[in-house]
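Listed below, chain by chain, are the residues.
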Amino acid sequence: GQNIDQPTEMTATEGAIVQINCTYQTSGFNGLFWYQQHAGEAPTFLSYNVLDGLEEKGRFSSFLSRSKGYSYLLLKELQMKDSASYLCGTTGANNLFFGTGTRLTVIP
Amino acid sequence: GAGVSQSPRYKVAKRGQDVALRCDPISGHVSLFWYQQALGQGPEFLTYFQNEAQLDKSGLPSDRFFAERPEGSVSTLKIQRTQQEDSAVYLCASSLNRQSYEQYFGPGTRLTVT
């Protein structure tokens, strides 16, 4: 089975850096992804990690440690538009397994 | 180009009614997925199509749920005899190939069963 844990809510200040953690336990691991979902909208793809280490993509970076079953999403230079839910998950044979999401609120 | 579209965007059904939700994937995308998203939760997998073949329906919660993609493009998710617990957002996603982790989601259909 799949078990994915991430904090329910986080608050951070505009211009700051925030780290959203995710731990997972899976029966078979292919890779770990992050999606962003604004309220009432569709999820959109952010990143996918297969190997250990940090991958940077603009203001967003994602880290994976397979031995620890741990990932984080790092958001730099926070903007108000970054207020959204961030969904961590793992890939199965035919689908994506999502966590419950972390709702990030960016305050001025 | 056009993204994934879904219709209707909102649907209110009385308990016991049948509903049909439509998904138009991105043209040329082989794989199509249906997810159910309850309020405050992440999307949960329902079923998967590769072209017209339904390869995985392990996530369908009951035999009241049925999905089809007869010509390998448009898909319909049908829920028979709706129950209140079926109230959720139903998301459709498509991807270029089977192993793609990058899925393109539609805006969803918000179903409310009264």
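For the structure, see preceding data.
Numbering of residues starts from 1 in every chain and runs along the sequence as written. Numbering of ligands from 1 and lettering of chains from A proceed in the order in which they are written. Where local features are concerned, this predicted model is filtered to residues with pLDDT of at least 70; where side-chain atom pairs are given and counted, the filter is 80 or more; whole-chain, interface and lining totals use all residues. Only hydrogens and water are removed before side-chain values are computed, so all heavy atoms of the structure are retained for them.

Colleague: Give me the lowdown on the nonpolar core, citing residues and values where you can.
Modeller: Take the buried Ala, Val, Leu, Ile, Met, Phe, Trp, Tyr and Cys residues and link them wherever side-chain atoms come within 4.5 Å; each set so joined is a nonpolar core. Summary of the burial criterion: residues with accessible area below 20% of their type's maximum are buried, those above 50% are exposed, and those between are partly exposed, where the area comes from a 1.4 Å probe applied to protein chains only. Residues B:Trp34, B:Leu77, B:Tyr90 and B:Leu111 are the most contacted members of the largest nonpolar core, which totals 20 residues. For helices the rule is a DSSP run of H or I covering at least 4 residues; for strands it is a run of E covering at least 2, with both sets numbered from the N terminus onward. For this core, the secondary-structure elements that each account for two or more residues are β3 (19-24), β4 (31-37), β5 (44-50), β7 (65-68), β8 (75-79), β9 (88-95) and β11 (109-113) of chain B. Listed in part, the 19 residues of the second largest apolar core include A:Ile4, A:Ala12, A:Cys22 and A:Val106.

Colleague: Any details on the side chain of B:Ser94? Residues and values, ideally.
Modeller: All names here are of chain B. Along the chain, the position of Ser94 falls in strand β9. Separated by 2.8 Å, the side chains of Ser94 and His29 make a polar contact. It only takes one pair of heavy atoms within 4.5 Å for two residues to be counted as in contact. Those residues in contact with Ser94 that sit more than four places away from it in its chain are Val4, Pro25, Ile26, His29, Ser31, Leu32, Glu102, Gln103 and Tyr104. Here a polar contact means two N or O atoms within 3.5 Å. Within protein one must be a hydrogen donor candidate and the other an acceptor candidate, and residues neighboring in sequence count only if both atoms are side-chain atoms.

Colleague: Give me the environment of B:Gln80: which residues, what numbers.
Modeller: Residues and elements named next belong to chain B. Relative to the assigned elements, Gln80 resides in the loop between β8 and β9. In this structure, the C-alpha to C-alpha distance between Gln80 and Gln17, residues 63 residues apart in sequence, is 6.6 Å. Residues within four places of Gln80 in sequence aside, it is in contact with Gln17, Asp18, Asp63 and Arg64.

Colleague: Residues and numbers for the packing of aromatic side chains, please.
Modeller: Side-chain rings of Phe, Tyr and Trp, where Trp is taken by its six-membered ring, are said to pair if the distance between their centres is within 6.5 Å; with planes under 30 degrees apart they count as stacked, over 60 as edge-to-face, and otherwise as tilted. Applying the stated criterion across every chain, the model contains 17 aromatic pairs over all chains. On the basis of an interplanar angle of 25 degrees and a centroid distance of 5.0 Å, the ring pair of B:Phe33 and B:Tyr48 is categorised as stacked. Taken together, the residues span a long stretch of sequence, with B:Phe33 in strand β4 and B:Tyr48 in strand β5 at a distance of 15 residues. We classify B:Tyr48 as buried; its relative accessible area is 0%. Taken together, the ring pairs connect A:Phe33, A:Tyr35, A:Phe45, A:Tyr48, A:Phe98, B:Phe33, B:Tyr35, B:Phe45, B:Tyr48, B:Tyr101 and B:Phe105 into an aromatic cluster.

Colleague: Can you tell me about the interface of chain A and chain B, naming the residues and giving the values?
Modeller: Tallying the contact residues gives 16 residues for chain A and 20 residues for chain B. For the pairing of chain A and chain B, the buried interface totals around 1,500 Å² over both sides, and the portion due to carbon and sulfur atoms is 56%. When a carboxyl oxygen of Asp or Glu is within 4 Å of a side-chain nitrogen of Lys or Arg, the pair counts as a salt bridge. Seen at the junction of chain A and chain B, the total is 0 salt bridges. Counting every contact that joins chain A to chain B gives 4 residue pairs in polar contact (both at pLDDT 80 or more). Of all the secondary structure elements, the ones that give two or more residues to the side of chain A that touches chain B are β4 (32-37), β5 (44-49), β9 (84-91) and β10 (96-98) of chain A. Three classes are used, and their members are as follows: Ala, Val, Leu, Ile, Met, Phe, Trp, Tyr, Cys and Pro are nonpolar, Asp, Glu, Lys and Arg are charged, and the others, Gly among them, are polar. Looking at the side of chain A that touches chain B residue by residue, the class counts come to 9 nonpolar, 7 polar and no charged. Buried area: the accessible surface (1.4 Å probe) lost by two parts on joining, summed over both.

Colleague: Which residues make up the state of the cysteines, and what are the values?
Modeller: Linking two cysteines covalently through their sulfur atoms gives a disulfide. Working definition: a disulfide is two cysteine sulfur atoms within 2.5 Å of each other. All chains considered together, the criterion is met by 2 disulfides over all chains. Covalently, A:Cys22 is tied to A:Cys88 through a disulfide, its sulfur atoms 1.8 Å apart. Here the S-S torsion is close to -60 degrees, and the disulfide linking A:Cys22 with A:Cys88 is therefore left-handed. With A:Cys22 in strand β3 (residues 18-26) and A:Cys88 in strand β9, this residue pair connects regions lying 66 residues apart in the sequence. What makes A:Cys22 buried here is its relative accessible area of 0%. For A:Cys88, a relative accessible area of 0% corresponds to the buried category. Through a disulfide, B:Cys23 is tied to B:Cys92; the S-S separation comes to 1.8 Å.

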